[in-house]
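Single-letter residue listing:
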Amino acid sequence: MNLNTTSLLDLPPELILEIHDHLSLDALLALKLTHPRLHQIIRLDRQRWQSPLSHCSHRAIQLYLALSTAKASHRFCRLCAATIPVSMFNSSTSPAFIQAADTDDFQNIIELPPGICALHVSRLMRVVHTGPRGPNEWTSTPSRMCMHCGNIEGWADCDCKCDSCAVGIVKTFTRYLNNTRECQQYRFWKADSPTNKTRDGHLWVRETVMDERDHYSIINLPIRPMLDEATTMTQHSQLGYGSFFRSSFWL
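Residues numbered from 1 in each chain as written. Predicted model: local features only at pLDDT ≥ 70, side-chain atom pairs only at ≥ 80, totals over all residues. Heavy atoms only, no water.

As named in an unreviewed UniProt entry, the protein is F-box domain containing protein, taken from Pyrenophora tritici-repentis.

This is how it looks when you write it as structure tokens:
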């Protein structure tokens, strides 16, 4: 049986204006910019523009207006609340990543959240101290990120004071650490050596390690993809890395 469907664009102006009266200013602007017909019907009341805006509404309006005015060489970053060069939306521009030395092309090491530049990659990473005999590894997990304040659900409280925050699913990285020697510093990189096909394209972390004599070395650790964090926290024994998964050399 065929059902007659009606889209928002098919509604008479009277009903659209009825919806209009129940929307916040940022939602109203977003609706107005979606289609020429809605742009014509919806009027932005000057008095509503003069009322105080929440921090989230202000950010959202900045984003909507920036999309129509930004140059081709620039994009608007949600968290910077500014228009910046497009190159900054490639993760390899962050010092947290190691770019291959034998290429002129900047390899995008990880996929950044939509509309967020490389200046904010630290929001996607954390170190969790698990104590002796606890888990000791890098993992990656899909997580929920507030696209207004940039906080990761479960890592930090969302400090937004609105009910319209967009939430995105992003890949986050956690270092479960059961000692004080490893992970003095860390940087992400992708293996691309043609002589070792099993490691091509895999994401690794290069850590600085300090031994008992306060000598420093480098280790390369793999990142284990996960479905959720509960899987990792049920592990109670230290993960041992074999020779294939761990390499080190003295500085």
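From this point, things continue past the structure.
**Q** Would you mind showing me how to read the overall build of the protein here?
**A** Helix and strand content of the protein: 6 helices and 9 strands. The buried share of the protein, taken over its 251 residues, is 38%. Accessible surface for the protein amounts to roughly 15,300 Å². Of this, 55% is attributable to carbon and sulfur atoms. (Helix = DSSP H or I, 4+ residues; strand = E, 2+ residues; numbered from the N terminus. Buried < 20%, exposed > 50% of the residue type's maximum accessible area, 1.4 Å probe, protein only. Areas by Shrake-Rupley, 256 points an atom, 1.4 Å probe, with all protein chains shown as cover.)

**Q** Hey, could you run me through unusual backbone geometry in this one?
**A** In terms of backbone geometry, most residues other than glycine have negative phi values and most peptide bonds are trans. One non-glycine residue, Arg133, lies in positive phi territory at about 70 degrees. Relative to the helices and strands, Arg133 is located in the loop between strand S3 (125-129) and strand S4 (137-146). Overall, the relative accessible area of 68% leaves Arg133 in the exposed class. Despite not being glycine, Asp214 shows a phi value in the positive range, around 65 degrees.

**Q** Got a minute to help me understand helix H2 (residues 25-32) in this structure?
**A** Counting along an α-helix, one turn takes 3.6 residues, and residues three or four places apart therefore face a common direction. Along H2, 6 of the 8 residues are buried, which leaves the element largely enclosed by surrounding structure. Along H2, the residues that are buried comprise Leu25, Asp26, Leu28, Leu29, Leu31 and Lys32.

**Q** Got a minute to help me understand the environment of Leu38 in this structure?
**A** Inspection of the secondary structure assignment puts Leu38 in helix H3 (residues 36-41). Note on Leu38: relative accessible area 2%, which makes it buried. C-alpha of Leu38 to C-alpha of Leu17: the two residues are 21 residues apart in sequence and 9.8 Å apart in space. Discounting chain neighbours no more than four positions away, the residues touching Leu38 are Leu8, Leu9, Ile16, Leu31 and Lys32. (Contact = heavy atoms within 4.5 Å.)

**Q** Explain the nonpolar core here, please?
**A** Inside soluble globular proteins, nonpolar side chains tend to come together where they are buried. Among the nonpolar cores identified, the biggest contains 30 residues, and Phe97, Trp138, Met145, Phe173 and Phe188 are the most heavily contacted of them. Looking at this core, the elements with two or more residues in it are S4, strand S5 (167-177), strand S7 (203-210) and strand S8 (216-225). Listed in part, the 7 residues of the second largest apolar core include Leu11, Leu28, Leu38 and Ile42. (Core = buried A, V, L, I, M, F, W, Y, C linked by side-chain atoms within 4.5 Å.)

**Q** Even after reading the chapter, I still don't get the packing of aromatic side chains, so can you show me in this structure?
**A** Per the stated rule, a full pass over the model turns up 6 aromatic pairs. Ring centres of Trp138 and Phe188 lie 5.3 Å apart, and the angle between their planes is 75 degrees; on these two criteria the pair is classed as edge-to-face. Note that Trp138 is positioned in strand S4 and Phe188 in strand S6 (residues 185-190), a separation of 50 residues in sequence. The exposure classification of Trp138 matches that of Phe188, with both residues buried. Ring geometry for Tyr186 versus Phe188: centroids 6.1 Å apart, planes at 75 degrees, classification edge-to-face. Its relative accessible area of 26% is what places Tyr186 among the partly exposed residues. (Phe/Tyr/Trp six-rings, centres within 6.5 Å; stacked < 30°, edge-to-face > 60°.)

**Q** What is the right way to read the environment of Ile109 from this model?
**A** Structurally, Ile109 can be placed in the loop between strand S2 (82-85) and S3. Distance in space between the C-alpha atoms of Ile109 and Ser94 is 9.9 Å, their sequence separation being 15 residues. Not counting residues within four places of it along the chain, the set of residues in contact with Ile109 comprises Ser91, Ser92, Phe97, Ile98, Gln99, Phe188, Trp189, Lys190 and Leu203.

**Q** Mind showing me how you'd approach the side chain of Asn151 here?
**A** Structurally, the position occupied by Asn151 is in the loop between S4 and S5. Excluding residues within four positions of it along the chain, Asn151 makes contact with Arg123, Arg144, Met145, Cys146, Ala156, Asp157, Cys158 and Asp159.

**Q** Would you take a moment to explain the pattern of salt bridges for this structure?
**A** Oppositely charged side chains can pair when the atoms bearing their charge come close. This model, assessed by the stated rule, comprises 5 salt bridges. The salt bridge partner of Glu153 is Arg144, with a shortest N-O separation of 3.1 Å. Of the residues examined, Glu153 reaches a relative accessible area of 53% and is grouped as exposed. One network of salt bridges, in which partners are shared, links Arg175, Glu182 and Glu207. (Salt bridge = Lys/Arg side-chain N within 4 Å of Asp/Glu carboxyl O.)

**Q** Where do I start with the confidence of the model for the protein in this structure?
**A** When pLDDT is low, close inspection of the predicted coordinates is not appropriate. Across the protein, the average pLDDT comes to 78, with 76% of residues at 70 or higher. The weakest mean pLDDT in the protein belongs to strand S9 (residues 247-250) at 35; the strongest belongs to S3 at 96. In this model residues 195-200 is a low-confidence stretch, pLDDT under 50, and it forms 9 contacts with partners more than four residues away in sequence or in other chains. For the stretch residues 229-251, pLDDT sits under 50, and the model shows 56 contacts to residues farther than four places along the chain or on other chains. (pLDDT = per-residue confidence, 0-100.)

**Q** Would you take a moment to explain the pairing of S7 for this structure?
**A** The side chains of a regular strand alternate between the sheet's two faces. Of all 8 residues making up S7, 7 are buried, and the element is well covered by its neighbours. As paired strands, S6 and S7 are joined by 6 bridges and run antiparallel to one another. Bridge pairing in S7 places Trp189 opposite Trp204. Taken together, the 7 bridges between S7 and S8 define a ladder with antiparallel strand orientation. Within the sheet, the bridge partner assigned to Glu207 lies in S8 and is Ile219. Taken together, S7 and the strand that follows it, S8, pair antiparallel across an intervening segment of 5 residues, in which Asp214 is found at a positive phi of about 65 degrees. (Pairing = 2+ DSSP bridges.)

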